[in-house]
Every structure is written in C-alpha cells, then in structure tokens.
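Structure assessment
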Amino acid sequence: MPVAFLRQVKPAALAAGALLAGALLAGGAASAQTAPSAAENLSPGGIDSEHLFGFVEGSDLGVPGEVELEWETSGRIGRRLGRFLAVDSSLALKMPLTSDFRLAPGLTFNAYDIGAPARTTGGFNGGFLEARLRLLDRRTAPLGLTLGMVPSYGSVDGVTGGPGRSYGTDLVLLADRELIPDRLVAALNASLGFASTRADGAAPAHGSGLEVAGALAYQVRPGLFLGGEARYARAYGDLTLGRLAGEAAYLGPTLYASLSPRAWVSLAWNLQVAGREQGAPGALDLTNFDRHQVRLRVGYSF
C-alpha cells in the first residue's frame, strides 16, 4: 500500500537484511520453489507469500480470474510534537491481468488525533493505483522477484492532519524464498518514495525516502504463520535523496492466519528501536518517524 514518506533502519537491521539476502539466494539456480500457485493455495499445504509478513510483502500476485478485495489499516503512534495518533486505511481491488502482471486500484481514508496543535479529523483522503510486475516466479526460479509502482493522491497532510493536496509515487522491489518448503519463508524488500504536499496557504513541501526491510515467517500449524521483521528507513527533505532529514530502525512481530480457503488476516507491530534526526540530539527520530507502527490487513478472494 502507498505511504506518504517511506520509513527507515540502522546497521544491525542492515546486517539482518544482508543475512536474509544470502538466505534468499542460497542454493543458487539449482533449486526452485515447490509451493503451489495462488490458485492452488486454496488446497491444503499451499502458500501465498504476499501477506505472510506485516509491513514486508512477498512476491506472489495471484492468478488471472482470481480477484481479491483487501482492507488495510495502519496505526502510527507517538511523535515528538506531543500526542499523535494517525490511522491510515485503504480499500483495494487486486486484479491479476496475467500470471505476471497485476493492477490494484484503491481508495484511502484516515483519522488523526494530534495534540500540538490540537486537531481531530477523519474521513475520505484520496486514491491510488498499484501496478506490480513479476520478474521471477519463485516456483520456477531460485527466488521470487516482483517490481511494484504506486502513484497516489491525497487531500490531507500526513503529518499535521490538516487539509492539503498530496501527490506521491512509491517504487518497491519484493524478493522472497521458501527456506524450508511449506514451513519457513523469508522476504527482502527495498523501496523508494517521492511525495509533494501543499497545505492550504503554504508553499509546497517536498520529500523522499528509502527503506530496506527483511522478514521471516514460520508456519506453526496449517494456515497460521508467526514471524518477525526488521526495517531501516531514511527520510529526505527534497525529491532527490540529497538532504537527509532523519533515519529510523524498526523491529517487530508478525502474524498471518487463514480464516477460510478464501479469507485471511495479517497483523504486525513495529517499534522504533533506534534512530537519529538530523541536527537534533536523542537516540530516536520522532519528528520524521513514528514511535510505534501497527498494521492490520484483511483479504477475501472471489
């Protein structure tokens, strides 16, 4: 799903990402994945990797003829400015047009409870169009690899909760691999985002960001995965990744559960464990990033 500014991590998280990358590539071209396709995921033992994690995503896309309705809600809690609670929600219709290409139009909504200055708002925000292209299928290649792009428009300033026109584009590269067939799945994501927001009566504010993230998910019983993820993000005060504003590292647990052959739910909580705001003291960056981030997803295929 699209985000206004992509978030960030620290050296330990980068090391974890490097280990995951090595694990993903382990075995080279000698072994391909054995998991069924998304359509075959309706049968026992099948794994659809896309939502097994939380903020991290897998490379699977679904198959033509299988449409998925997905509701996503993300909570952002804790900023330096005082009381800060933001809830960003989206409703998307994911439509695979071929086995390797998918479009997903969607609408976004949000709600804010902010203390300085005091503001409580909520309602419809805007929309987006996600496009994903699979470059490597993990069932026939050593790993899965998918490229995604998400242009978006919003009518609310994502930091202040006030009115403002916002335009953004996110690019993401998703890689995954089953380390233990039908049991342990690893994923590695790299993302890049650009956004421009113009609040009423103010000059446009531009920003960009990048993020690397890794995750593991283990199937403890059929249809139930438990895991964890690490993310490292950098925020910039321009559109060229030239003026660093801050960086942050997140760690947290994840859960995925199949509710029926066609319905599923995933939940993740990430805590900022390290960070630095450019030009400011402190071990965290609570100006450009949140202290806590929570994500709930629910999906239904038909």
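What comes next concerns the included structure. (Residues numbered from 1 in each chain as written. Predicted model: local features only at pLDDT ≥ 70, side-chain atom pairs only at ≥ 80, totals over all residues. Heavy atoms only, no water.)

Topic: the pattern of salt bridges
Counting across every chain of the model gives 26 salt bridges. One salt bridge connects Asp-100 with Arg-134, and the closest N-O pair in it is separated by 3.1 Å. Pair noted here: Asp-100 is in the loop between β2 (82–98) and β3 (101–115) and Arg-134 is in strand β4 (residues 118–136), with a separation of 34 residues, a long-range link. Taking relative accessible area as the criterion, Asp-100 reaches 30% and is therefore assigned partly exposed. You can call Arg-134 buried: its relative accessible area is 8%. A network of salt bridges, in which partner residues are shared, links Glu-50, Glu-57, Glu-70, Glu-72, Lys-94, Arg-102, Glu-130, Arg-132, Arg-295 and Arg-297. (Salt bridge = Lys/Arg side-chain N within 4 Å of Asp/Glu carboxyl O. Helix = DSSP H or I, 4+ residues; strand = E, 2+ residues; numbered from the N terminus. Buried < 20%, exposed > 50% of the residue type's maximum accessible area, 1.4 Å probe, protein only.)

Looking at the pairing of β3
As defined by bridge partners, β2 adjoins β3 across 12 bridges and the pair is classed as antiparallel. Note that in β3 the partner of Ala-86 across the bridge is Tyr-112. Adjacent in sequence and paired antiparallel, β2 and β3 are bridged by two residues. (Pairing = 2+ DSSP bridges.)

Quick look at the side chain of Gln-293
Within the fold, Gln-293 resides in strand β12 (residues 292–301). One polar contact links Gln-293 to Tyr-250, side chain to side chain, over a distance of 3.3 Å. (Polar contact = N/O pair within 3.5 Å; in protein donor to acceptor, adjacent residues only side chain to side chain.)

Some details on the pairing of strand β7 (residues 184–199)
As defined by bridge partners, strand β6 (residues 163–180) adjoins β7 across 16 bridges and the pair is classed as antiparallel. Bridge pairing in β7 links Leu-173 to Ala-190. Where β6 folds back onto β7 in an antiparallel hairpin, the turn is made up of three residues, including Asp-182, whose phi is positive at roughly 65°. Note: β7 against strand β8 (residues 205–221), 14 bridges, orientation antiparallel. Residue Ala-187 lies in a different strand from β8, and its bridge partner there is Ala-215. Remark: five residues form the turn of the hairpin made by β7 and β8, two consecutive strands paired antiparallel; Gly-201 in that turn has positive phi of roughly 75°.

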